[in-house]
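Observations on chain architecture
Okay, here's what each chain looks like letter by letter:
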Amino acid sequence: MITSLRILGVCLLLLGRAALADPCKVLIESTDQMRFNLHELTVPVECGEVEVTLKHSGKLSAKAMGHDWVLAKDSDMSAIVNAGLAAGATHGYLPEHDQRIIAATPIVGGGESATVKFATSGLQPGTRYAFFCTSPGHATIMRGTFKFGDSSRLVRANPPTG
Ligand SMILES: [Cu+2]
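Report on the accompanying structure. Since the structure is predicted, the reported quantities are computational estimates derived from the model, not experimental observations. (Residues numbered from 1 in each chain as written. Predicted model: local features only at pLDDT ≥ 70, side-chain atom pairs only at ≥ 80, totals over all residues. Heavy atoms only, no water.)

Every protein donor of the copper ion is listed here as His-67 (ND1), Cys-133 (SG), His-138 (ND1) and Met-142 (SD), and their distances to the metal cover 2.0 to 2.6 Å. Metal-centred angles of 84 to 130° between the four donor atoms at the copper ion mark the site as irregular. Along the chain, the residues donating to the copper ion fall in the pattern H-x65-C-x4-H-x3-M. Cys-133 gets classed as buried once you look at its relative accessible area, which sits at 0%. Taking relative accessible area as the criterion, His-138 reaches 6% and is therefore assigned buried. (Donors = N, O, S within 2.8 Å, 3.2 Å for Na, K, Ca; no water. Tetrahedral: all angles 85-135°; square planar, octahedral: opposite > 155°, others 65-115°. Buried < 20%, exposed > 50% of the residue type's maximum accessible area, 1.4 Å probe, protein only.)

Given below as structure tokens:
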């Protein structure tokens, strides 16, 4: 009995490790200090779908220190942040039906988390993507680089797309 319990325990442990090691699932944390805990996320091209979970590890309310996680081309970030500001709090600081937004979570407050799943079919390896928070003023600090594909093959700058 004890042995079978031990085997079960090991199996659960392995399952837990496997889940954590899935490169297509990403956990990012945000804080009361207006920070993401990661500045760079890399997802391999093998992922047909990516799942990003944003956790707010702070205590402040969504109204006081709410965060979201938004993914877009690096070159679209500023415009989306401005459009989000114009959309206002009632729309979660996100412009509606904005084709430039690849993925976005709703805004979360302390102790909350939100998950977004998206297909990678619209992502191009080598293109520079950014993730950021659209709460007013946050994106100046709360931003990072999102890499899709083999990081060694990524180009530094995003070439103009006409
Ligand atoms: Cu934020």
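Moving on from the model shown.
So, about the pattern of salt bridges. Any two side chains of opposite charge can pair, on the condition that their charged atoms come close. Within the structure shown, the criterion is met by three salt bridges. A salt bridge links Lys-147 to Glu-40, with the nearest nitrogen and oxygen atoms 3.4 Å apart. Taken together, the positions of Lys-147 in strand β8 (residues 143-148) and Glu-40 in strand β2 (residues 40-43) put the pair 107 residues apart, joining distant regions of the chain. On the accessibility criterion, Lys-147 (17% relative accessible area) is buried. Across the salt bridge formed by Lys-117 and Glu-51, the nearest N and O atoms sit 3.9 Å from each other. Pair noted here: Lys-117 is in strand β6 (residues 113-119) and Glu-51 is in strand β3 (residues 49-56), with a separation of 66 residues, a long-range link. (Salt bridge = Lys/Arg side-chain N within 4 Å of Asp/Glu carboxyl O. Helix = DSSP H or I, 4+ residues; strand = E, 2+ residues; numbered from the N terminus.)

With mixed pairing, the three strands of this open sheet are ordered in space as β1-β3-β6. If you trace the sheet from one side to the other, it starts and ends with β1 (25-30) and β6, each paired once. On average, each strand axis in the sheet is tilted by 20° relative to the strand beside it, whichever way the strands run. Where β1 lies against β3, six bridges are found, and the strand directions are parallel. (Pairing = 2+ DSSP bridges. Axes fitted to C-alpha atoms, helices over the stretch in contact; angles between N-to-C directions.)

Further remarks concern the packing of aromatic side chains. Using the criterion set out here, one finds five aromatic pairs in the structure. Judged by centre distance (6.3 Å) and plane angle (65°), the rings of Trp-69 and Phe-146 are edge-to-face. Residue Trp-69 is located in the loop between α2 (62-65) and β4 (70-73), and its partner Phe-146 is located in strand β8; the two are separated by 77 residues in the primary sequence. Following the ring pairs from residue to residue traces out a cluster consisting of Phe-36, Trp-69, Phe-118, Phe-131 and Phe-146. (Phe/Tyr/Trp six-rings, centres within 6.5 Å; stacked < 30°, edge-to-face > 60°.)

To continue, consider the sheet that holds strand β5 (residues 103-104). With mixed pairing, the five strands of this open sheet are ordered in space as β2-β8-β7-β4-β5. Where the open sheet ends on each side, the last strands, each with one partner, are β2 and β5. Summarising the sheet, strand β7 (residues 129-132) and β8 pair through four bridges and their orientation is antiparallel. What sits directly across from Ala-130, in β8, is Thr-145. Across the face of the sheet, helix α3 (residues 77-87) comes into contact with β4, β7 and β8 while running at roughly 30° to β7. (Contact = heavy atoms within 4.5 Å.)

In this structure the tally under the stated criterion is one disulfide. The disulfide partner of Cys-24 is Cys-47, and the gap between their sulfur atoms is 2.1 Å. On the sign convention where negative is left-handed, the bridge of Cys-24 and Cys-47, at about -85° about the S-S bond, is left-handed. Of this pair, Cys-24 sits in the loop between α1 (2-21) and β1 while Cys-47 sits in the loop between β2 and β3; the two residues are 23 residues apart in sequence, bridging distant segments of the chain. Residue classification places Cys-24 among the buried positions, given a relative accessible area of 18%. (Disulfide = S-S within 2.5 Å.)

Here we come to the nonpolar core. Counting 24 residues, the largest nonpolar core has Ile-28, Phe-36, Val-52, Trp-69, Phe-118 and Phe-146 as the members making the most contacts within it. Sorting the residues of this core by element identifies β1, β2, β3, β6, β7 and β8 as the ones contributing at least two each. (Core = buried A, V, L, I, M, F, W, Y, C linked by side-chain atoms within 4.5 Å.)

These figures come from the coordinates and say nothing about function on their own.
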